[in-house]
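Secondary and tertiary structure notes
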Amino acid sequence: MATTQSVTRYLSPSQVDLDKIASLCKRRGFIFQSSEIYGGLNSVWDYGPLGVELKNNVKRAWWRAMVQERDDVVGLDAAILMHPQVWHASGHVAGFADPLIDCKVCKQRFRADHLWAAFVNGVKDKDGAPVLVTGEGSTPEEAAAEMAPRAKKLLKASLTEIKPVLVKDLADRDRVPCPACGAVGSLTEPRMFNLMFKTFLGPVEDESAVIYMRPETAQGIFANFDNVLTSSRMRLPFGIAQTGKAFRNEITTGHLTFRSREFEQMELEYFVRPEEGERWLQYWLEQRRGWYLKLGLRPDSLRLRQHEKEELAHYAKDCYDVEFTFPWGWAELEGIANRGDFDLTQHARSSGKKLAYFDPSTGSGEKGEHIVPYVIEPSGGVDRATLAFLIDAYDEEPPPAGTEEARVVLRLHPALAPVKVAVLPLSRKEPLVNMARDIARELRAPSAGSGWAVAYDDAQSIGRRYRRQDEQGTPYCVTVDFQSLEDKAVTIRERDTMSQVRVPVAELAAALRERLGL
Ligand code: GAP
C-alpha cells in the first residue's frame, strides 16, 4: 500500500490507551476473555472473527519469511504433550520457576521479583515506624509509577522521587503491606513456584503418570533433531521452525494478552558450527527486526536490548530482546538467544541417543567428524506480536471541522489486515445490492487475490460503514453507487488518506492487487 508510509500519524504506541484497545478488541471481535459468560478465566483469551484472521496473518507472515522463502529452514509441528523426561533434561522441572509470595489475609499471589516497596519519608505508622507503600512491576520505573499516587495520598503533598526496593531483598519484610488488601505483615516468605501446568497421562492419577503442558515449543524441535536431520538431509547451518501453543501458569499477569497463561509461540532453532554462533546471532537480530518493520511497525517503536549476565536464562550464552514500546513501557516482544549446545547435549545425555551432526568434510583423516552444533533461537510470541501490531496501528484522527467524533483507524499493514476489501452498496435498493454482492463474490475468487477476506456490508449510512471498516483496519472499501449501474465503474476508498478513485469494475481486482501489494 504505497500511501502508508507518508500518512500523518497522530499517536505513537506509548500514547495509546490500552483500555481503548481492549474495548475495541471486544467491540469489533478481535479478542474476548475466555469463558466470559462464567465470569472469565484470568489471563486466558479467545480470538474472535477478526482476531483469528489477524493472528493467522501474523503466523502466515512469519512462516513465509522463516520457512518458505528460505532453503535452509524446514518446518515442524510437534505435539504439545511430550515425555516428561524432556522437561527434566531441559531443566524446566528443576528450574522453570518464579519466586512467589502469598498474602495470608486476602490470598492474592505476587511474584517476589515484581513486588516492590518504598519508604515514604516523614510519614509514620501508629508505632512510629516509617510508612511503606508497595506496588507491582517488572522494572523499578513501572513499580514507581504504580506506587506514586498512593504515596502522594499518604504524604498529602507532591512527591518528587520514589525509590523502589525489591520486597524479597528488603530486610524488614514484615512491615510491607499487601498491595492488594493493605494488610501489614501478611506476606509469606518467597517460595519457588514452577510455571508448568501438570496433567496425567492415562487413567491413573499418580506421580508416575504426571506429564506437562509444554511451556515452550522449542523442546519439540530438539527432541526431533535427529528425525529431521535424517529425513531431510539438511546441512549446517540449518534451522527447524515451529509455531504452536505453549502454557505457563504465570503469577503476574495483565496488560491484555501480553502475559497469558495459554499463548502461542513462533520459534526457530537454527543450528550452526559452534565457532559461528556469535555471527549468526547478529544475523538473526537483523532479520527479526527487519521482519517487524516490514510488517509496518515504526522504527521508533522497536529496540534491541542485550541481556545482562545475571539476566541470562540457564541455557543461554548470550541473548537479546526485541522490545516494543508498549503503553506501559518497553517490554519484550521476542527473545533471540545463543543457546550453545546445551539442549542437544542434555537430551543426548538423558536419552542415551547420539544427537550430533556428521560432517564428512572436516576432522582428521578421511572419516569426517561429529559436531554438536550450537543453536541460535529467535523465539517470538504470536499473541505479543499481534498485540504490538494492534497498538502500533491504532490511531485517532482529530474530528473534522464541525464534528465531534474522532476517526479511529487501525493502520494495519495490508498483509495483516483481517479484511482486505469491503464492498459497500450506497443503498439497499435491489439492483445495487445485486451488483455489489456479485463484485464481492468475484473478489473472493482465487483468481482475484489469493485468499483475500472480503466483507460485504449494506447496513447503516455509508459514513458509519466507512468508520466501521477503518476501526477494523480494512485497507480499501469499494463503493457501488447508482451511477455504477450505468457506467460499470465503482469507487475505491483508501483507509489511511480517505482518498477516492473511480475504476471500471473490469479492472477492480487488478487495481486492488496493485494497491494492496499482496
Ligand atoms: N524457547 C525460549 C523461550 O520460550 P521466552 O523468552 O520464555 O523464551 C519467548 O519466550 C517468547 O514467547 C517471548 O518473547 C514472548 O513473546 C512469548 N511469551 C513468553 N511467555 C509468554 C506469556 N506468558 N504470554 C504471552 N507470550 C509469552
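Bear in mind the structure is a predicted one, so any value in this text is a computation, not a measurement.

A separate point is the layout of surface pockets. Approximately 810 Å³ is the volume found for the second largest pocket. Considering the residues around the second largest pocket, the lining is formed by 33 residues, among which Ala 61, Arg 64, Leu 295, Ala 415 and Leu 518 are closest to the centre. Looking at the lining of the second largest pocket, the elements with two or more residues in it are α2 (49-68), α8 (277-294) and α14 (508-516). Looking at which element gives the most residues to the lining of the second largest pocket, the answer is α2, with seven residues. Grouping the constituent residues of the lining of the second largest pocket by class yields 16 nonpolar, eight polar and nine charged. For the lining of the second largest pocket, the domains that each give at least three residues are domain 1 (24-83 + 213-392) and domain 3 (419-516).

Moving on: the site of the ligand. Neighbouring the ligand are 22 residues; Glu 216, Glu 250, Ser 260, Glu 267 and Glu 332 lie closest to it. The side chain of Glu 216 places a nitrogen or oxygen atom 2.6 Å from a nitrogen atom of the ligand. Side-chain polar atom of Gln 265 to an oxygen atom of the ligand: 3.0 Å apart, as the coordinates give it. Broken down by element, the shell around the ligand gets its largest block of residues, five residues, from strand β16 (residues 329-340). Grouping the constituent residues of the shell around the ligand by class yields five nonpolar, seven polar and 10 charged.

Here the focus is the domain arrangement of the protein. Under the domain assignment, the protein is made up of domain 1 (24-83 + 213-392), domain 2 (97-194) and domain 3 (419-516). Taken over C-alpha atoms, the centre of domain 2 sits 55 Å from the centre of domain 3.

Counting residues in hydrophobic clusters, the biggest one holds 63 residues, and the most contacted among them are Phe 30, Trp 291, Tyr 292, Phe 326 and Phe 389. No other element matches the eight residues that helix α10 (residues 382-393) contributes to this core. When we break this core down by domain, the ones giving at least three residues each are domain 1 (24-83 + 213-392) and domain 3 (419-516). Formed by 23 residues, the second largest nonpolar core is a distinct cluster that contains Val 433, Trp 452, Tyr 456 and Leu 508.

A separate point is helix α12 (residues 462-471). Those residues of α12 lying buried are Arg 465, Tyr 466, Arg 468, Gln 469, Asp 470 and Glu 471. With its phi angle positive at about 85°, Gly 473 sits one or two positions after the end of α12.

Here Lys 420 lies in the loop between β21 (407-410) and β22 (421-425). Here the alpha-carbon distance between Lys 420 and Cys 178, two residues 242 residues apart in the chain, equals 49 Å. Beyond its immediate chain neighbours, meaning those up to four positions away, Lys 420 contacts Asn 57, Pro 414, Ala 415, Trp 452, Ala 453, Thr 474, Pro 475, Tyr 476, Leu 516 and Leu 518. At 2.8 Å, the side chain of Lys 420 and the backbone oxygen of Pro 414 are in polar contact. Side-chain polar atoms of Lys 420 contact the backbone oxygen of Ala 417, separated by 2.7 Å.

The next thing to look at is the packing of α2 against α10. Remark: α2 packs on α10, axes separated minimally by 10 Å, with the N-to-C direction vectors making an angle of 110°. Relative to α10, α2 is oriented roughly perpendicular. Helix-helix and strand crossings are classified by hand; for α2 and α10 the assignment is right-handed. Between α2 and α10, the contacting residues are Leu 54, Lys 55, Val 58 and Lys 59 on the first element and Val 382, Asp 383, Ala 385, Thr 386, Phe 389 and Leu 390 on the second. Grouping the amino acids of the contact of α2 with α10 by side-chain chemistry returns six nonpolar, one polar and three charged.

Parameters and conventions
- Residues numbered from 1 in each chain as written.
- Predicted model: local features only at pLDDT ≥ 70, side-chain atom pairs only at ≥ 80, totals over all residues.
- Heavy atoms only, no water.
- 1 Å grid on protein atoms, 1.4 Å probe; cavity = no way out; pocket = protein on both sides within 12 Å on 5 of 7 lines; lining within 4 Å.
- Points joined across faces, edges and corners; volume = space filled by probe spheres on them.
- Helix = DSSP H or I, 4+ residues; strand = E, 2+ residues; numbered from the N terminus.
- Nonpolar A, V, L, I, M, F, W, Y, C, P; charged D, E, K, R; others polar.
- Domains from an automatic or database assignment.
- Near = heavy atom within 4 Å.
- Polar contact = N/O pair within 3.5 Å; in protein donor to acceptor, adjacent residues only side chain to side chain.
- Core = buried A, V, L, I, M, F, W, Y, C linked by side-chain atoms within 4.5 Å.
- Buried < 20%, exposed > 50% of the residue type's maximum accessible area, 1.4 Å probe, protein only.
- Contact = heavy atoms within 4.5 Å.
- Axes fitted to C-alpha atoms, helices over the stretch in contact; angles between N-to-C directions.
- Parallel < 35°, antiparallel > 145°, perpendicular 65-115°, else oblique.
- Left-handed = near helix turned anticlockwise from the far one by under 90°.

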